[in-house]
Structures are given as structure tokens and as C-alpha cells.
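Next come the chains, spelled out residue by residue.
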Protein chains: 2
Amino acid sequence: MDPMALGKDYEAQDCALARALELLGERWTLLIVRDAFYGVRRYGDFLAHLDIPRAVLATRLQALVDAGVLTRRPYQESPRRHEYVLTERGRELWPALNALGHWGGEHLSPFGPSRLYTHLTCGTRVGRTGTCPACGRFAPPEELEVRPGPGADRPHRDDAVSRALRRPHRLLEPLLAE
Amino acid sequence: MDPMALGKDYEAQDCALARALELLGERWTLLIVRDAFYGVRRYGDFLAHLDIPRAVLATRLQALVDAGVLTRRPYQESPRRHEYVLTERGRELWPALNALGHWGGEHLSPFGPSRLYTHLTCGTRVGRTGTCPACGRFAPPEELEVRPGPGADRPHRDDAVSRALRRPHRLLEPLLAE
DNA sequence: TCACCTCGGTTCATTCATTGAACTAACGAT
DNA sequence: ATCGTTAGTTCAATGAATGAACCGAGGTGA
């Protein structure tokens, strides 16, 4: 991964945000990362949950691996199968994802947010900065639990990932299978 | 602005992040919002700073106005001209923008971040959550100053906006003209 | 008066990315 | 031998982004 190589556009933009967007601003990419935080790890599960074209999913996963956001590692031999897991660099996207999702929940969700993130140690919902209002500290994703919120299940989905997310689940823990 | 109307895609995604991305995930949109935080307000200035096709800029500005992120208001009569300014809803995007930019600066910028954001009251650089490490509080954009960082001006741009941003500037204050 | 400039767009042909359906490949199970 | 599962690739059709040219309302200067 050559850090000098900016993607095909935004090149003239001398800006950290532009560089982030070069990777993360592509269609579907941030939804894939969000699913990775939920604990989705397998190609087929991303596919079923996101309704994303297979080719696009493959391209995006590759780009995220190239950028060091995900690692691709075998979870079984014969037949050799791989899973995609967030790296430390990927996990550091949590504040950005949380802030964006929080904004969407506050401003674009007429029935309220569809998922709530609560700090495991104190049970409090985290705010737009990712800080837990109860303990005052930033709550890292490992200490958070997702649960359905008031606006949940509006268009009722019925893939394995959506079903699993109907009960509280700790972020980053594998969501399915094992 | 009908909050029920989800854009053309991601529709099946029952998720606040997907709704935010519906608007903000389109190419160029977040860079436009970033420029608005810098104090860019005029069509022509966005155009010169971003190197964005005119048609795309017009479409995106319209979408941001429709979503209530920007307002379009006259800044002179005869000839009637308008400027685009962040609304309260738009200003609430700051944590998301900061987090994303911070991540890009830390992980994708070999020469370090090209711009630094410092809290005016204490002169400290804000972190990935938008919280000022010195005073411990969240620093709202009005209290921040942008200045060039170590990785600044890599591809040397020479439009009015880039020139103005070479000296420290308070976020949200108009950057040019008046 | 006429030509020219500015600002904020719109129009349109070309290029590029996304889509969705079909196909491939490796393996296990029946 | 055939079917099912998982993780892809290929490809034609569609749709969005690009960039150059054009437009219209007004000011400016000769």
C-alpha cells in the first residue's frame, strides 16, 4: 500500500478529508465498515445484509484490505475460506462512523434512530462524539452494545444479519456462525 | 423536504448511517460541506477551490439546501446573488467531518495532516472526537481555528480559497469578500 | 449605444462506475 | 454422479460524473 498514491480523483485536494473520502467515500464502503463493526465477517453475510452487487462487494473489500482497514484471513482450510476483520486502523474509524450515524439518526430518521449504542459498563447511550455521558470518557467500540432503537425495522429485512441484530450485540464480536 | 423519502438507493437499509450516506455519501458532497465550515459561501469559490464540474456543484448545493444542511440566501440585490451558509443542522455535522478528517490525517497522510484545528480559548489541537484535550470539553466549530499543518500544500493550489487558508482562520467566519 | 466582463448557473456528448444476471471453481455431502 | 455451499469473476446494460460550450441578468467603460 503506497501512501503516496492518491486514488483517481480528489487528487488536487490538499486535504486529509479528501484522502479519507478517496477510500471511504465510495458507494457502499462505509456501510461495509459499519457491518464489520457489527461483527459481520463473511462475504456472503455482507452480501445478504447489504443487497450490494457481488462485484462491487469484492472490489470494496479488496480496497479496504489494501488500505489496511480490514484483514483477510482464513477461518477454515479445505475448502479454504476467508473472513474480513477490522484492523486497529479500521477500528479507529469508530468515531467517524458513530458521528455520521448519530447525525443521520437525529436529523433524517423520522421515527428516531434505528439502532442505539450503549456503553456496557454504565448502560448509557453514547453521544455524537462517541463519549459516554455517564462516565465522561470516550467509549471505544469494544465497550459498546448495539440494540434496536425506536425507528428499527422500518423496511422489515429478513437476512441472517438483520435477525441477529434484533437482540443486543457487542460491537466487533462475531455476529454469526463460528 | 419529506423525511420519509429516502433517496434512490440504500433504501432497504434500515439504518441511520445509510440515511446520512444517502445525502452525504455522494461524490463531492462532504468536501462542499467542509468548505462551508472553512467559510466558503459562493458558488464561484466552491468551484475554484474544489475543481468540481459546474453541474455537479449545482446539483449538490441544491441537495444540501433541500436537506436543510445549507441555506441559500441573497447577499446582494441587483444583480441578485446568493450565498450558501451552513444551518444549525449543517453545523452539527462538525463531529463527523472532524472525525473523518482526523482519521485521514493520521492514517493516509504521509507528511502529516495538511490542516490543524485548534481550540481558540486554549490553543490546543482537538482530537478525533472533537474534544479539546486541554479543557476536556467538546469544542464547537465556532471556537476553532484552521491553520496549515505539516503536510500542507503538497500539490500547490492557487485559487483564492487556498490562498486565504494559508493563514489561520476561524471556522464558519466568511473566508472571502464581504 | 455597444462591446465586454462577472456571476451563477444549464445543456449536452463522452467517459466511467454501478448494476444484476449468469457463470466459474473448489470442495463436501448424499 | 449430482447437488449444495461459499466466494468469487465476467459481461452487457444502465446511470452518474465529467468538461466544454452555452445562456441570461446585470454592471462597466469607451
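Owing to the predicted nature of the structure, the values given are computational and were not obtained by experimental measurement.

Enquirer: I'd like a rundown of the protein's contact with DNA strand D, residues and numbers included.
Expert: Inspection of the region around DNA strand D gives 20 residues, with Gly44(A), Arg54(A), Ala55(A), Ala58(A) and Pro53(B) positioned closest. If you list the elements that add at least two residues to the surface near DNA strand D, you get α3 (43-50), α4 (54-66) and β2 (81-86) of chain A together with α4 (54-66) of chain B. Along the lines of polarity and charge, the residues of the surface near DNA strand D split into 9 nonpolar, 3 polar and 8 charged.

Enquirer: Which residues make up the pairing of strand β4 (residues 144-148) of chain A, and what are the values?
Expert: Residue and element names in this part refer to chain A. Two elements, strand β3 (residues 115-119) and β4, share 5 bridges in a ladder whose sense is antiparallel. Its bridge partner lying in β4, Leu 116 is registered against Arg 147. Summarising the sheet, β4 and strand β5 (residues 169-170) pair through 2 bridges and their orientation is antiparallel. The residue bridging Glu 145 from the neighbouring strand is Arg 170, located in β5.

Enquirer: Outline the sheet that holds β4(A), supporting the account with residue identities and numerical values.
Expert: Ordered by their spatial adjacency, 3 strands build an open sheet running β3-β4-β5 (chain A), and the pairing between neighbours is antiparallel. The sheet is open, and its two borders are formed by β3 and β5 of chain A, each paired with just one other strand.

Enquirer: Talk me through the interface of chain B and chain A; I want residue IDs and the actual numbers.
Expert: Across the boundary between the two partners, chain B contributes 48 residues, which contact 48 residues of chain A. At the level of secondary structure, the elements contributing two or more residues to the side of chain B that touches chain A comprise α1 (16-24), α2 (29-38) and α6 (94-107) of chain B. No other element matches α6(B), which puts 10 residues into the side of chain B that touches chain A. When the residues that make up the side of chain B that touches chain A are grouped by side-chain class, the tally is 24 nonpolar, 11 polar and 13 charged.

Enquirer: Pulling in residues and values, what's your account of α4(B)?
Expert: Residue and element names in this part refer to chain B. End to end, α4 covers 18 Å across 13 residues, agreeing with the expected 18 Å (1.5 Å per residue, within 8%). The inward-facing, buried residues of α4 contact α2, β1 (70-76) and β2 (81-86). In the stretch just after α4, Gly 68 is the one whose phi turns positive, near 80 degrees.

Enquirer: Can you explain the protein's contact with DNA strand C? Please cite residues and give values.
Expert: Surveying the vicinity of DNA strand C reveals 19 residues, the closest of which are Pro53(A), Pro79(A), Gly44(B), Arg54(B) and Ala58(B). For the surface near DNA strand C, the elements supplying multiple residues, two or more each, are α4 of chain A together with α3 (43-50), α4 and β2 of chain B. Its residues placed into classes, the surface near DNA strand C shows 8 nonpolar, 3 polar and 8 charged.

Enquirer: Lay out the relation of the copies chain B and chain A in plain terms, naming residues and giving numbers.
Expert: For the match of chain B to chain A, the screw axis carries a shift of 0.0 Å, the RMSD comes to 0.0 Å, and the turn is 180 degrees. These values place the two chain copies in the arrangement generated by a two-fold rotation axis. Here 100% of the contact residues of chain B are again contact residues in chain A; the copies associate through an equivalent surface.

Enquirer: So what's going on with α1(B)? Residues and values would help.
Expert: Along α1(B), 9 of the 9 residues are buried, which leaves the element largely enclosed by surrounding structure. Among all positions of α1(B), only Ala16(B), Leu17(B), Ala18(B), Arg19(B), Ala20(B), Leu21(B), Glu22(B), Leu23(B) and Leu24(B) are buried. Buried residues in α1(B) make contact with α2 (29-38) and α6 (94-107) of chain A together with α2 and α4 of chain B.

Enquirer: So what's going on with the packing of helix α1 (residues 16-24) of chain A against α2(B)? Residues and values would help.
Expert: Across the interface, α1(A) lies against α2(B) with an axial gap of 10 Å and an inter-helix angle of 165 degrees. The orientation of α1(A) with respect to α2(B), classified from their angle, is roughly antiparallel. Note that α1(A) runs across α2(B); the crossing there is right-handed. Taken together, the residues of α2(B) that come into contact with α1(A) (itself represented by Leu17(A), Ala18(A) and Leu21(A)) are Leu30(B), Leu31(B) and Arg34(B). Per-class residue counts for the contact of α1(A) with α2(B) are 5 nonpolar, no polar and 1 charged.

Enquirer: Run through the sheet that holds strand β3 (residues 115-119) of chain B, naming residues and quoting values.
Expert: Taken in spatial order, the 3 strands line up as β3-β4-β5 (chain B) in an open sheet, and their pairing is antiparallel. Every interior strand has two partners, whereas the edge strands, β3 and β5 (169-170) of chain B, have only one.

Enquirer: Lay out the nonpolar core with the relevant residues and their values.
Expert: With 92 residues, the main nonpolar core has Leu17(A) and Leu17(B) as its most contacted residues. Apart from residues no more than four positions distant in its own chain, Leu17(A) is found in contact with Leu30(B), Leu31(B), Arg34(B), Leu97(B), Leu100(B), Gly101(B) and Gly104(B).

Enquirer: Explain the UniProt feature "domain: HTH hxlR-type" (unreviewed entry) in chain A residue by residue, including any values.
Expert: Mapped onto this numbering, the UniProt entry annotates "domain: HTH hxlR-type" (unreviewed entry) at residues 15-112 of chain A. This span, residues 15-112 of chain A, is 59% helix and 13% strand, and a straight line between its end C-alpha atoms measures 33 Å.

Enquirer: Before we move on, could you go through unusual backbone geometry and cite the residues and values that matter?
Expert: For the peptide bond that leads from Ser78(A) to Pro79(A), omega is -5 degrees, which places it in the cis range. Along the chain, the position of Pro79(A) falls in the loop between β1 (70-76) and β2. Positive phi values are uncommon outside glycine, yet Trp28(B) reaches one of about 80 degrees. The residue Trp28(B) is located in the loop between α1 and α2 in this model. For Ser78(B), which is not glycine, the phi torsion reads 50 degrees and is therefore positive. Residue classification places Ser78(B) among the exposed residues on the basis of 5 C-beta atoms within 10 Å.

So, how was this worked out
- Residues numbered from 1 in each chain as written.
- Chains lettered and ligands numbered in written order.
- Predicted model: local features only at pLDDT ≥ 70, side-chain atom pairs only at ≥ 80, totals over all residues.
- Near = placed C-beta within 6 Å.
- Helix = DSSP H or I, 4+ residues; strand = E, 2+ residues; numbered from the N terminus.
- Nonpolar A, V, L, I, M, F, W, Y, C, P; charged D, E, K, R; others polar.
- Pairing = 2+ DSSP bridges.
- Contact = placed C-beta atoms within 7 Å.
- Expected span 1.5 Å × (residues − 1).
- Least-squares fit on C-alpha atoms with pLDDT ≥ 70 in both.
- Buried ≥ 20, exposed ≤ 12 C-beta atoms within 10 Å, placed from the backbone.
- Axes fitted to C-alpha atoms, helices over the stretch in contact; angles between N-to-C directions.
- Parallel < 35°, antiparallel > 145°, perpendicular 65-115°, else oblique.
- Left-handed = near helix turned anticlockwise from the far one by under 90°.
- Core = buried A, V, L, I, M, F, W, Y, C linked by C-beta atoms within 7 Å.
- UniProt positions renumbered as here; feature names shortened; annotations may be inferred.

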